[in-house]
Amino acid sequence: MAVPWWEIQIIRAAICAPGRSWRPILYIARMSSIPNADALAGTSLPQGPSPLAGKHLVLGLSGGIASYKAAELCRALVKAGASVQVVMTEAAAHFITPVTMQALSGRPVYTSQWDAREGNNMAHINLSREADAIVVAPASADFMAKLLHGGADELLSLMCLARPLAQVPLILAPAMNREMFAHPATQRNMAQLSADGATVLGVGTGEQACGETGDGRMLEADELLEELEAFFTPKLLAGQHVLVTAGPTYEALDPVRGITNLSSGKMGFAIAQAAWRAGAQVSLVAGPVGLATPRGVQRVNVQSAEHMWQAVQPLAQVASVFIAAAAVADWRPAQAATQKIKKDASGATPDFHFVENTDILASLARSGRAQSGALFCVGFAAESHDLQAHAQAKRLRKGVPLLVGNIGPATFGRDDNALLLVDEHSCEALPQAPKTVLAAQLIERIAQRLNS
Ligand SMILES: Cc1cc2nc3c(=O)[nH]c(=O)nc-3n(C[C@H](O)[C@H](O)[C@H](O)COP(=O)(O)O)c2cc1C
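The written sequence of each chain sets the order in which its residues are numbered from 1. Reporting in this predicted model follows two pLDDT cut-offs: at least 70 for local features of residues, and 80 or more for side-chain atom pairs to be given and counted; totals over whole chains, interfaces and linings ignore these cut-offs and use all residues.

The split into domains, and so the bounds of each, comes from an automatic or database assignment of domains. Partitioning the protein into domains gives domain 1 (56-231) and domain 2 (235-340 + 354-451). When each unit is reduced to the centre of its C-alpha atoms, the spacing between domain 1 and domain 2 is 39 Å.

In structure tokens form, the structure reads like this:
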């Protein structure tokens with residue numbers, strides 16, 4: 001009888017690029033036995049409903065080269081399900097036309113406080129009252145200086161001043177030349193705007209439109225989208241430090257072959273993303289996967305189970321939550337060959353000997369911090385059947401308060417999954433959904449347990 005693919009460690013030759021991506025070149029297993037192998041090449045997390053869906057945003061543009069990125073941002077916001085009302089300063093309209101922004105937002109753009117389209121001629125009142133937030137991207141040095149002093153001589157600054165402070169948050173995405181950004185006046189203005197309650201986002205570093213290199217580039221549209229999605233996510237894990245392991249491990253047999261498994265890392269990466277959005281500091285220890293690092297997450301790349309154990313230990317000293325989503329190899333070759341093991345004409349097959357890897361989850365669950373309640377440990381179990389019984393048994397064996405069960409073939413490499421949450425008193429099924437959605441639900445359940 002064939003051994004189920006998810007239970008065997010599949011031997012494959014791989015090119016492991018330094019850093020984080022890898023490309024399998026040969027599976028020593030029948031490809032037909034590996035479902036969804038194409039998914040291994042994926043780089044982005046599955047998309048679920050965005051926290052921006054149903055939100056209404058005023059997108060303000062002030063005068064800066066980065067206005068072109070606001071067009072892309074507007075498109076991304078609409079795609080995420082938000083409605084967008086664009087308001088532009090006179091300077092912004094020198095960089096990008098209101099026509100473009102109207103086409104992308106699907107609404108006429110406002111550029112003047114004297115705009116008579118509003119019945120009462122008070123766009124600054126009407127548009128700000130219906131917004132869930134005002135996002136100014138790009139926020140020019142001049143615009144922030146004006147805001148700081150309560151200036152209101154054109155529509156966008158007037159609207160920021162007139163907005164109900166407690167209900168309509170102001171989010172600023174600075175964009176300017178590096179000298180302008182580093183200038184004490186700009187730094188002082190941004191600090192004071194933060195103190196006044198605005199959310200001042202960070203900036204990117206690199207080559208600037210003016211030809212200089214340094215800090216001050218506006219964040220890219222996808223980064224701004226991530227920041228805004230995080231902004232609208234309840235901060236259930238504020239003050240927590242979440243440590244997540246994700247992906248497979250790779251145990252070298254020789255310089256070109258190793259033992260690994262089909263974990264794509266998507267579940268663990270989605271959990272890291274959800275934890276960051278929920279306000280946690282997040283450390284992600286990742287096996288060899290080709291996924292992009294979620295925004296705000298501190299990532300450590302590892303290959304083998306022992307590398308993972310080395311990386312996890314110091315982080316577990318400072319983390320308050322440990323989520324073990326990685327598919328860690330139970331065994332490694334006792335000795336990896338230093339040269340490629342060659343096939344000869346004799347038909348003889350190589351004889352491999354294995355030693356057991358450290359059980360990362362069980363070891364941390366036994367640690368003083370976990371036992372004292374300072375480190376809340378969550379395990380994952382990939383099973384093939386009898387999920388509840390196996391998940392409960394694994395929870396007790398590992399000594400963790402919460403175990404997340406899933407069906408191996410239904411999760412490895414896939415964008416969707418279904419989870420079964422098992423603790424001492426209960427068993428809760430989270431039905432089939434994108435992994436990003438399940439990750440947010442899992443974070444919610446963990447937060448409930450931390451607060452109970
Ligand atoms: C070609 C050009 C590029 C500019 N780029 C920026 C910029 O990226 N960031 C910035 O703060 N100001 C930039 N400025 C200056 C602003 O456009 C200027 O301060 C303007 O008055 C800002 O008006 P506003 O804040 O009302 O939109 C640039 C000016 C020019 C002529």
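This part is about the pairing of strand E8 (residues 204-207). Pairing between two strands is assigned when DSSP locates at least 2 bridges connecting them. To qualify as a helix, a DSSP run of H or I must reach at least 4 residues; to qualify as a strand, a run of E must reach at least 2; elements of each kind are numbered from the N terminus. As paired strands, E8 and strand E9 (residues 213-217) are joined by four bridges and run antiparallel to one another. If you follow Glu207 over to E9, its bridge partner there is Thr213. Counting the residues in the hairpin turn of E8 and E9 gives five residues, including Gly211, whose phi is positive at 100 degrees.

Quick look at the site of the ligand now. By definition, a residue lies near a molecule or strand provided its backbone-derived C-beta atom is within 6 Å of it. By nearness alone, 15 residues border the ligand, and Ser62, Gly63, Gly64, Ala91 and Ser140 come closest of all. Charged residues are taken to be Asp, Glu, Lys and Arg, nonpolar residues to be Ala, Val, Leu, Ile, Met, Phe, Trp, Tyr, Cys and Pro, and polar residues to be all remaining types, Gly included. By residue class, the composition of the shell around the ligand is nine nonpolar, five polar and one charged.

This next bit is on the nonpolar core. Of all hydrophobic cores here, the largest spans 69 residues; its most connected members are Val242, Val244, Ile271, Ala275, Phe322, Cys377 and Ile443. Not counting the four nearest positions on each side in its chain, Phe322 is found in contact with Leu243, Ala316, Leu364, Leu375, Cys377 and Val378. Counting residues in each nonpolar core, the second largest holds 54 residues, with Leu52, Leu127, Phe143 and Leu225 among its members. Joining buried Ala, Val, Leu, Ile, Met, Phe, Trp, Tyr and Cys residues through C-beta atoms within 7 Å gives a set, and that set is a nonpolar core. For every residue, the other C-beta atoms within 10 Å of its own C-beta are counted; 20 or more classify it as buried, 12 or fewer as exposed, and values in between as partly exposed. C-beta atoms are placed from the backbone. With C-beta atoms placed from the backbone, a contact is any residue pair whose C-beta atoms sit within 7 Å.

A few words on the pairing of strand E18 (residues 376-383). It is a general feature of regular strands that their side chains alternate between the two faces of the sheet. With respect to burial, E18 is a largely interior element, seven of its eight residues being buried. Direction of pairing for strand E15 (residues 321-324) relative to E18: parallel, over a ladder of four bridges. Each residue of the ladder has a partner; that of Ile323, found in E18, is Val378. Taken together, the six bridges between E18 and strand E19 (residues 402-407) define a ladder with parallel strand orientation. Its bridge partner lying in E19, Ala381 is registered against Gly405. Look down the strands so they point away from you; if going from the first strand over the helix to the second traces a clockwise path, that crossover is right-handed. As a crossover connection, the stretch from E18 through helix H14 (residues 387-398) into E19 is right-handed.

Turning to the packing of helix H1 (residues 67-79) against helix H3 (residues 98-105), a few remarks are in order. Running from N to C, H1 and H3 point in directions that differ by 15 degrees, and their axes come no closer than 9 Å. The orientation of H1 relative to H3 falls into the category roughly parallel. Relative to H3, H1 is oriented so that their crossing is right-handed. Facing Ala71, Cys74, Arg75 and Val78 of H1, the residues of H3 in contact are Thr100, Met101, Leu104 and Ser105. Note on geometry: axes are C-alpha line fits, over the in-contact stretch for helices, and angles between N-to-C directions span 0 to 180 degrees. Here is the rule for angles: anything less than 35 degrees is roughly parallel, anything more than 145 is roughly antiparallel, 65 through 115 is roughly perpendicular, and the remaining ranges are oblique. If you view the pair so one helix is near and one far, a crossing is left-handed when the near helix is turned anticlockwise from the far one by less than a right angle, and right-handed when it is turned clockwise.

Turning our eyes to something else, we now look at the confidence of the model for the protein. Within the protein, residue pLDDT values average 90, and 91% of them lie at 70 or more. Per-residue confidence from the predictor is reported as pLDDT, which spans 0 to 100. Here residues 1-42 is modelled with pLDDT under 50, and outside its nearest four sequence neighbours on either side it reaches 67 contacts, counting other chains as well.

Residue Ala137 is joined to Pro138 through a cis peptide bond whose omega torsion reads 5 degrees. Along the chain, the position of Pro138 falls in strand E5 (residues 133-139). Within the chain, Asn121 stands out as a residue other than glycine whose phi angle is a positive 60 degrees. Looking at the element boundaries, Asn121 is found in the loop between H3 and helix H4 (123-129). Look at Asn121 and you get partly exposed, because 13 C-beta atoms sit within 10 Å. Even without glycine at this site, Asp386 takes up a positive phi of about 45 degrees. Looking at the secondary structure, you find Asp386 in the loop between E18 and H14.

Here we take up H14. How far a helix is expected to stretch is found by multiplying one less than its residue total by 1.5 Å. Here H14 contains 12 residues, and its C-alpha end-to-end distance of 16 Å stays within 8% of the 16 Å for a straight helix at 1.5 Å per residue. Residues of H14 that are buried include every one of Leu387, Ala391, Arg395 and Lys398, and no others. Projected onto a plane normal to the axis of H14, the buried residues spread over an arc of 80 degrees and lie on a single side. Pointing more than 90 degrees away from the buried face of H14 are the exposed residues Ala389 and Leu396. Downstream of H14 by one or two residues, Gly399 has phi in the positive range, about 75 degrees. Taking the helix axis as origin, the arc is that swept by the directions to the C-beta atoms.

The first and last C-alpha atoms of helix H16 (residues 435-451) sit 24 Å apart over 17 residues, in line with the 24 Å expected at 1.5 Å per residue. Of the positions making up H16, those classed as buried are Lys435, Thr436, Val437, Leu438, Ala439, Ala440, Leu442, Ile443, Ile446 and Ala447. Buried-residue contacts for H16 involve helix H10 (266-277), E15, E18, E19, strand E20 (416-423) and strand E21 (427-434).

Examined against the element boundaries, Gln208 turns out to sit in the loop between E8 and E9. The spacing of Gln208 and Gly106 is 102 residues in sequence and 30 Å in space, taken between C-alpha atoms. The contacts of Gln208, once residues within four sequence positions are left out, are Asn177, Arg178, Thr213, Gly214, Gly216 and Arg217.

With respect to the helices, strands and loops of the structure, Leu403 is situated in strand E19. In contact with Leu403, not counting residues within four places along its chain, are Gly379, Ala381, Ala391, Lys394, Arg395 and Val422.

In this section: the environment of Glu428. For Glu428, the location among the structural elements is in strand E21. With 379 residues separating them along the chain, Glu428 and Pro49 place their C-alpha atoms 22 Å apart.

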